[in-house]
Amino acid sequence: MGQQFGGRAAAALATGTGAALLAAAALAPPAGAAGPGGLPYSGATGVGVHNAYEKDKYRYLADALDSGASLLELDVWTNFSGGTWRVAHDNPLGNDNNCENASSPAELRTRPRDQPLAGCLADLRAWHDANPGHRPVLIKIEMKDGFAANLGRGPAQFDSLVTGKLGDALYRPGELAAGHATLDEAVRSRGWPSRDALRGKFLVHLIPGTLEESNPFDSLWTDREYARHLRELAAAGNLSRAAAFPAVHRAEAGDPRAARYSDASLRPWFVVFDGDASAYLAGGIDTGWYTRHNYLLVMTDAHSVSPAISATSPTEDQARDRVARLAAEGASFATSDWYPLPSALSLVLPRG
């Protein structure tokens, strides 16, 4: 079904009309077909908000959740001083965010902000309890300076924290892999559940952070460290403990896992890929490879794809056209800073 819709979307875009209404019409399911909820999770394209924890975008994280976005991003710091997982953009020593550590729906939008990751996760759970049948939401976490297992903030502790806060609201790698040896084997043979089957669930994916990737003394980035963690959990029969999906970060032609991970045993634990939209579209990359294998593909900086549009306040038509274009190009998620446009953020289109 995704291929059928994608072909119609691509044809509409190829005509050069660029009109949002035409793109929407091209992407609408035909009479009698299932809506977006019936699509497999990997067969749909949603919209995400970059750094949704920032207070100049949303007063509270609950407001970001109410926006309708399919993906929300958090930045997490683990190293330096302090004994917590800190959420901030460029402050490695403290918290600067819209999270409030709500213990129930009644506490949302009532408590002090600037909470650690535990507080952000508590807000997710409180919002979930108020909206138990909500759309699936992918929580993208950039580990700004990587894990710090030596400080008690490694992959196992991350799993414990996320599990303790989200509980049954979390969709886990072990659920996806059930009956299969690895995540790659599972998505290639069975694929992802439908969006309807994932209603009321959060999924978490991890990418290496900007400081981590530029640190010459850090040779064990988040992606590799968490993939190793998954491999070891699976070998011990404990994959059910895992809370997140590691992502291959940055666009690259072919199967980027082959060049990125010399240890081939890590590669089957990556089924999420995350990189710049312009690099995927302008770099001669076959994005259909991701669609064919049921991999999730997060395309960031959707606004920068030529011709560039506003990163924060494009017109509704511009934002919708851009999402339609990236859906046709195989994106699972198109992310930007379009927080003023809830109608665009809630858009879900067939992928491919």
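This structure is a prediction, so every number in the text was calculated from the model and none was measured.

Colleague: So, the overall build of the protein: which residues are in play, and what are the values?
Modeller: Helices and strands together make up the secondary structure of the protein, namely 14 helices and 10 strands. At 19 Å, the protein has a C-alpha radius of gyration in line with the 20 Å of a compact globule built from 352 residues. Dimensions of the protein, computed from C-alpha atoms along their principal axes, come out at roughly 55 × 45 × 40 Å. Across the 352 residues that make up the protein, the buried fraction comes to 55%. Put simply, 69% of the contacts in the protein that link residues at least 6 apart link residues at least 24 apart. Accessible surface for the protein amounts to roughly 13000 Å². Of this, 52% is attributable to carbon and sulfur atoms. One finds the centroid of the 33 positive side-chain charges in the protein at a distance of 3 Å from the centroid of its 39 negative side-chain charges.

Colleague: Describe in detail the environment of leucine 124, supporting the description with residues and values.
Modeller: Looking at the secondary structure, you find leucine 124 in helix H4 (residues 117-130). Along the primary structure leucine 124 and phenylalanine 202 are separated by 78 residues, whereas in three dimensions their C-alpha atoms are 8.5 Å apart. When neighbours within four sequence positions are excluded, leucine 124 is seen to be in contact with Leu61, Leu65, Ile139, Leu166 and Phe202.

Colleague: So, the layout of surface pockets: which residues are in play, and what are the values?
Modeller: Estimated volume of the largest pocket: approximately 330 Å³. Of all the elements, strand S7 (residues 272-276) adds the most residues to the lining of the largest pocket, at three residues. Broken down by class, the residue content of the lining of the largest pocket amounts to four nonpolar, nine polar and 10 charged.

Colleague: Break down the state of the cysteines for me, with residues and values.
Modeller: Scanning all chains against the criterion turns up one disulfide. Paired by a disulfide, cysteine 99 and cysteine 120 hold their sulfur atoms 2.0 Å apart. Sign of the S-S torsion, about 100 degrees for the bond between cysteine 99 and cysteine 120, identifies this disulfide as right-handed. Separated by 21 residues along the polypeptide, cysteine 99 in the loop between strand S3 (86-87) and H4 and cysteine 120 in helix H4 bring together distant segments of the chain.

Colleague: Which residues make up unusual backbone geometry, and what are the values?
Modeller: Here the amide bond leading from serine 306 into proline 307 is cis, since omega sits at -5 degrees, within 30 degrees of zero. As for its position among the elements, proline 307 is in the loop between strand S8 (296-300) and helix H13 (316-328).

Colleague: Give me the lowdown on the packing of H4 against helix H5 (residues 155-166), citing residues and values where you can.
Modeller: Relative orientation of the contacting elements H4 and H5 amounts to 35 degrees, with a least axis distance of 8 Å. Seen along the crossing, H4 lies across H5 with a hand that is right-handed. Residues Leu117, Ala118, Leu121, Ala122, Leu124 and Arg125 of H4 pack against Phe158, Leu161, Val162, Lys165 and Leu166 of H5. Grouping the amino acids of the contact of H4 with H5 by side-chain chemistry returns nine nonpolar, no polar and two charged.

Reading guide: rules and limits
- Along each chain, residue indices are assigned from 1 in the same order as the chain's sequence is written.
- In view of the model being predicted, local features appear only for residues whose pLDDT reaches at least 70, and side-chain atom pairs are presented and counted only at 80 or more, with totals across whole chains, interfaces and linings using the full set of residues.
- Heavy atoms from the whole structure form the basis of all side-chain values; hydrogens and water molecules are not counted.
- Segments assigned H or I by DSSP are reported as helices when at least four residues long, segments assigned E as strands when at least two residues long, and all are numbered from the N terminus.
- Each radius of gyration reported is based on C-alpha atoms, and the globular scaling rule is 2.2 Å times the count of residues to the power 0.38.
- Relative accessibility under 20% of the residue-type maximum defines a buried residue, over 50% an exposed one, and the middle range a partly exposed one, all with a 1.4 Å probe and only protein chains included.
- Residue contacts follow a heavy-atom distance rule, with two residues in contact if any of their heavy atoms lie within 4.5 Å.
- Only the protein chains shown count as cover for residues, and all accessible areas are computed by the Shrake-Rupley method using a 1.4 Å probe.
- Only four residue types enter the tally: Lys and Arg on the positive side, Asp and Glu on the negative side, with His and both chain ends excluded.
- Charged side chains are reduced to one point each, which is NZ for Lys, CZ for Arg, CG for Asp and CD for Glu.
- Each cavity reported here is a set of points on a 1 Å grid over the protein atoms alone in which a 1.4 Å probe fits but cannot get out, each pocket an open set with protein on both sides within 12 Å along at least five of seven lines, and each lining residue one with an atom within 4 Å of a point.
- Grid points are joined across faces, edges and corners, and a volume is the space filled by probe spheres set on the points.
- Here the nonpolar group is Ala, Val, Leu, Ile, Met, Phe, Trp, Tyr, Cys and Pro; Asp, Glu, Lys and Arg are the charged ones; every other residue, Gly included, is treated as polar.
- Note on terminology: disulfide denotes any pair of cysteine sulfur atoms within 2.5 Å.
- Helix axes are fitted only over the stretch in contact, all axes being lines through C-alpha atoms; the angle between N-to-C directions runs from 0 to 180 degrees.
- Take the far helix as your reference; a near helix turned counterclockwise from it by less than a right angle gives a left-handed crossing, and one turned clockwise gives a right-handed crossing.

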